[in-house]
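As a plain string of letters, each chain reads:
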Amino acid sequence: MSNVLVLAEHMGGKLRKVTLSTITFAREAAKLTGGQVYVLVLGQNVSGIVAEAAAGGADKVFFEDSAVFANYLAENYTPAIVKVAQDQGVGIICGAASTFGKDLVPRVAAKFNAGMVSDAIAIWDDGGIKFKRPLWAGNVLTTVEVTTPVKAVTVRTTEFDPIEGASPCATEAVSTGVGASDSAQFVNFDQVKSDRPELTDAAVVVAGGRGLKSGENFGMIMELADSLNGAVGASRAAVDSGYAPNDWQIGQTGKVVAPNLYFAVAISGAIQHLAGMKGSKCIVAINTNAEAPIFQVADYGLVADAFEAVPAITQKIKALG
Ligand SMILES: Cc1cc2nc3c(=O)[nH]c(=O)nc-3n(C[C@H](O)[C@H](O)[C@H](O)COP(=O)(O)OP(=O)(O)OC[C@H]3O[C@@H](n4cnc5c(N)ncnc54)[C@H](O)[C@@H]3O)c2cc1C
């Protein structure tokens with residue numbers, strides 16, 4: 001029997017939704033190990049974050065409120081996580097397959113000499129705990145078995161819906177004794193300021209492709225996104241053409257999203273793009289080319305010129321109030 005530890009990710013005093021999805025994965029893992037699901041929150045002034053995490057369906061939330069963790073630094077987080085994992089009999093350590101998780105979880109794995117699974121989309125036991133993970137833009141699914149006593153996992157959170165209506169669990173402050181690292185120092189977090197929701201947390205994403213032909217033409221994409229309180233995304237070709245910033249890129253080498261509603265506007269639907277959005281609940285594609293591969297994954301397809309269709313849709317949505 002070993003416990004499962006979820007590494008909480010937060011920003012601006014709020015728990016990231018990806019952590020709630022990671023708790024759902026951890027619940028499935030704990031059914032197999034027979035252990036408890038724990039969440040670890042590291043940060044400063046984290047009471048609100050701890051309360052959010054406690055309502056996420058775990059058995060217990062551990063937290064350390066310290067100036068050492070005021071800003072995320074893997075060098076400071078790692079020894080604290082190792083200490084808590086050792087003290088609490090943890091056998092599986094998991095984080096979201098986000099920038100945070102991809103930076104942190106491998107470092108924790110290295111400290112335990114643990115085998116690591118990236119982008120896990122399923123876990124089961126058939127005489128040994130196995131994980132499923134996609135490779136090659138989702139065209140290959142591999143089964144991975146990790147044989148080390150401690151296993152480290154990053155979770156493809158779009159595959160796991162947050163647990164709804166869980167009663168708040170117990171919380172416990174810990175003191176790991178970890179001080180600021182000598183080897184790394186926080187200098188600055190250069191955040192792109194936006195009133196729109198974070199791409200990976202948004203319920204609606206409106207993404208534009210190279211077919212929009214310029215950065216200015218992304219204005220209509222933003223207007224449609226704002227009318228639905230959504231986030232804006234882009235294909236890699238649109239980013240490479242300088243129409244959209246890097247952090248909007250969706251796909252194999254960008255972000256993976258699975259909103260309730262995804263608009264693919266003037267995006268052809270290359271497999272590398274699909275790898276980042278095909279888990280969306282409802283996909284609307286707008287493209288002039290009826291043969292574009294995006295229509296194969298679309299729930300609603302509109303063969304139309306985006307320059308006419310997008311403003312018309314935005315106008316209708318605004319008219320609905
Ligand atoms: C290793 C690797 C990793 C990659 N990673 C990614 C990734 O993470 N994300 C990603 O997106 N791509 C990625 N790519 C690139 C991918 O292969 C495609 O080149 C890219 O997705 C194409 O972007 P696009 O659909 O915007 O452009 P295009 O393929 O040029 O398609 C433009 C589309 O717009 C349509 N169109 C044109 N005008 C209009 C109009 N007026 N109205 C409506 N529709 C119109 C066209 O019919 C066409 O379908 C990767 C490629 C490689 C090799």
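Residues numbered from 1 in each chain as written. Predicted model: local features only at pLDDT ≥ 70, side-chain atom pairs only at ≥ 80, totals over all residues. Heavy atoms only, no water.

- In the nomenclature of an unreviewed UniProt entry, the chain is known as Electron transfer flavoprotein subunit alpha/FixB family protein of Microvenator marinus.
- Listed in UniProt under the heading Sequence similarities (unreviewed entry), the comment for the chain reads: "Belongs to the ETF alpha-subunit/FixB family." (UniProt positions renumbered as here; feature names shortened; annotations may be inferred.)

### Structural notes on the UniProt feature "binding site: FAD" (unreviewed entry) in the chain
Step number 1: Taking the UniProt record as the reference, the feature "binding site: FAD" (unreviewed entry) is found at Arg 210, Ser 235, Arg 236, Gln 249, Ile 250, Gly 251, Gln 252, Thr 253 and Asn 287. Spanning 78 residues, the annotated positions stay apart in the fold, the maximum distance between their C-alpha atoms being 22.8 Å.
Step number 2: Take Arg 210: it is sitting in the loop between strand S13 (204–208) and helix H5 (218–227).
Step number 3: Those residues within four positions of Arg 210 in sequence are excluded, and the remaining contacts are Ser 235, Ala 237, Ala 238, Ser 241, Tyr 243 and Ala 266.
Step number 4: Tracing the backbone shows Gln 252 in the loop between helix H6 (236–240) and strand S15 (261–265).
Step number 5: By relative accessible area, Gln 252 is classed as partly exposed at 46%. (Helix = DSSP H or I, 4+ residues; strand = E, 2+ residues; numbered from the N terminus. Contact = heavy atoms within 4.5 Å. Buried < 20%, exposed > 50% of the residue type's maximum accessible area, 1.4 Å probe, protein only.)

### Considerations on the site of the ligand
Step number 1: Around the ligand lies a shell of 26 residues, among which Ser 235, Thr 253, Ser 268, Gln 272 and Asn 287 are the nearest.
Step number 2: For the ligand, an oxygen atom lies 2.7 Å from a polar atom in the side chain of Asn 287.
Step number 3: Coverage of the ligand by the protein chains reaches 76% of its 990 Å² of free accessible surface.
Step number 4: Taken together, the residues that form the shell around the ligand break down as eight nonpolar, 14 polar and four charged. (Near = heavy atom within 4 Å. Polar contact = N/O pair within 3.5 Å; in protein donor to acceptor, adjacent residues only side chain to side chain. Areas by Shrake-Rupley, 256 points an atom, 1.4 Å probe, with all protein chains shown as cover. Nonpolar A, V, L, I, M, F, W, Y, C, P; charged D, E, K, R; others polar.)

### Section: the packing of helix H3 (residues 74–87) against helix H4 (residues 99–112)
Step number 1: At a minimum axis separation of 9 Å, H3 and H4 run at an interaxial angle of 55 degrees. Relative to H4, H3 is oriented oblique. Here the hand of the crossing between H3 and H4 comes out right-handed. Where H3 approaches H4, its residues Ala 74, Glu 75, Tyr 77, Thr 78, Ile 81, Val 82, Ala 85 and Gln 86 are matched on the opposing element by Phe 100, Asp 103, Leu 104, Arg 107, Val 108, Lys 111 and Phe 112. (Axes fitted to C-alpha atoms, helices over the stretch in contact; angles between N-to-C directions. Parallel < 35°, antiparallel > 145°, perpendicular 65-115°, else oblique. Left-handed = near helix turned anticlockwise from the far one by under 90°.)

### Thoughts on the pairing of strand S5 (residues 60–65)
Step number 1: As judged from the six bridges shared by strand S4 (residues 34–43) and S5, these two strands associate in the parallel manner. Bridged to Val 39 within S5 is Val 61.
Step number 2: Inspection of the sheet shows S5 paired to strand S12 (residues 170–173) by four bridges, in the parallel sense. In the strand pairing of S12, Lys 60 is matched with Ala 170. (Pairing = 2+ DSSP bridges.)

### Brief notes about the environment of Ala 180
Step number 1: Summarising the element assignment, Ala 180 is placed in the loop between S12 and S13.
Step number 2: On the basis of relative accessible area, Ala 180 is assigned to the exposed category, the value being 57%.
Step number 3: Beyond its immediate chain neighbours, meaning those up to four positions away, Ala 180 contacts Val 68 and Asn 76.

### Re the sheet that holds strand S7 (residues 115–120)
Step number 1: Pairing within the open sheet is parallel, and its seven strands lie in the order S7-S11-S6-S1-S4-S5-S12. At either end of the open sheet lies a strand with only one pairing partner, and these are S7 and S12. Taking the axes of each pair of neighbouring strands and ignoring which way they run, one obtains an average angle of 25 degrees across the sheet.
Step number 2: Against the sheet, helix H2 (residues 47–54) touches S4, S5 and S12, its axis set at about 170 degrees to S5.

### Quick look at the sheet that holds strand S8 (residues 122–125)
Step number 1: Taking strand neighbours across the sheet as the criterion, the three strands line up as S8-S9-S10 in an open arrangement whose pairing is antiparallel. The open sheet has two edge strands with one neighbour each: S8 and strand S10 (140–145). The sheet shows a mean angle of 30 degrees between the axes of neighbouring strands, direction not considered.
Step number 2: Against the sheet, helix H1 (residues 17–33) contacts S8 and strand S9 (129–135), and its axis sits at roughly 10 degrees relative to S8.

### A few points about the nonpolar core
Step number 1: Phe 25, Val 39, Val 41, Val 61, Cys 94, Phe 131 and Val 153 are the most contacted members of the largest nonpolar core, which has 32 residues in total.
Step number 2: No other element matches H1, which puts five residues into this core.
Step number 3: With sequence-adjacent residues up to four places away left out, Val 153 is seen in contact with Phe 25, Ile 92, Ile 93, Cys 94, Gly 95, Val 105, Val 117, Ala 120 and Phe 131.
Step number 4: One finds Leu 42, Ala 74, Tyr 77 and Val 90 within the second-largest nonpolar core, a separate group that totals 27 residues. (Core = buried A, V, L, I, M, F, W, Y, C linked by side-chain atoms within 4.5 Å.)

### Brief notes about the domain arrangement of the chain
Step number 1: On domain assignment, one finds that the chain holds domain 1 (2–173) and domain 2 (204–319).
Step number 2: Here domain 1 and domain 2 have C-alpha centroids that lie 31 Å from each other.
Step number 3: Tallying the contact residues gives six residues for domain 1 and nine residues for domain 2.
Step number 4: Buried area between domain 1 and domain 2, both sides added, is near 590 Å², and the carbon and sulfur share of it is 55%.
Step number 5: Our count for the contact surface shared by domain 1 and domain 2 stands at zero salt bridges.
Step number 6: At the boundary of domain 1 with domain 2, the tally comes to zero residue pairs in polar contact (both at pLDDT 80 or more).
Step number 7: When grouped by side-chain class, the residues that make up the side of domain 1 that touches domain 2 number one nonpolar, three polar and two charged. (Domains from an automatic or database assignment. Buried area = accessible area lost by both parts, 1.4 Å probe. Salt bridge = Lys/Arg side-chain N within 4 Å of Asp/Glu carboxyl O.)

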